[in-house]
Amino acid sequence: MPYEKGAWAAAFSARAPGEKRFWLIKSEPDVFSFDDLLAAPQKTTCWDSVRNSSARNFLRDGMKKGDLAFYYHSNADPSAIVGICEVVREGYPDPTAFDPSHDYYDANSNADTPTWFMVDVKAMQKLRQPVALPEIKNSAALREMALVKVGRLSVVPVQPIEWDAVIAMSEGRA
């Protein structure tokens, strides 16, 4: 793969048996909030309409069934990590790209060689306390977090030490 080297190489590297990886996915709460995910049938939804090639690569090639993801409310007051979900279906073609009536239709994508992919996620739990972006930015443990470094991406990897730091912050232990 062309991204085997570089900043995100670890997100695509071979896994040890049973290894889980961590991610962060973003949604604006007025579009689809964590509460909406909790209320969805079986607390599950597809994570569709991603139209960034880096985020697409994470969905298509990085995320695996059983991985965990922070659910981040973007463009909120405050923007914050609010919950945890699990990847329950690995990357598959995003049909919204083929639907001319959909806001995220892509005339250059086709079913034979799809450009855009999605995963299914299931809500696991709300964080005890949301962890707001200013707290994340002020944390020495999170200064290299992809959320801080490349805030524009809707799907990014989270390092295990970052995962633990966010959980500790949510539980008031940091």
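First things first, this report covers the structure right here in the doc.

## Quick notes on the pairing of strand β4 (residues 80-93)
Each regular strand carries side chains that alternate between the two faces of the sheet. Pairing analysis gives six bridges linking strand β3 (residues 68-73) to β4, with the strands arranged antiparallel. The residue bridging Ala69 from the neighbouring strand is Cys85, located in β4. The turn joining β3 and β4, which pair antiparallel and follow one another in sequence, is formed by six residues; a positive phi near 50° is taken by Asn75. Inspection of the sheet shows β4 paired to strand β5 (residues 117-132) by ten bridges, in the antiparallel sense. What sits directly across from Tyr92, in β5, is Met118.

## Digging into the nonpolar core
As a rule of thumb, soluble globular proteins bury nonpolar side chains together. Counting 46 residues, the largest nonpolar core has Leu24, Ile25, Trp47, Phe70, Ile81 and Met145 as its most contacted members. The contacts of Ile25, once residues within four sequence positions are left out, are Trp47, Met63, Ala69, Phe70, Tyr71, Tyr72, Cys85, Val121, Ser154 and Val155.

What counts as what
- Residues numbered from 1 in each chain as written.
- Predicted model: local features only at pLDDT ≥ 70, side-chain atom pairs only at ≥ 80, totals over all residues.
- Heavy atoms only, no water.
- Pairing = 2+ DSSP bridges.
- Helix = DSSP H or I, 4+ residues; strand = E, 2+ residues; numbered from the N terminus.
- Core = buried A, V, L, I, M, F, W, Y, C linked by side-chain atoms within 4.5 Å.
- Buried < 20%, exposed > 50% of the residue type's maximum accessible area, 1.4 Å probe, protein only.
- Contact = heavy atoms within 4.5 Å.

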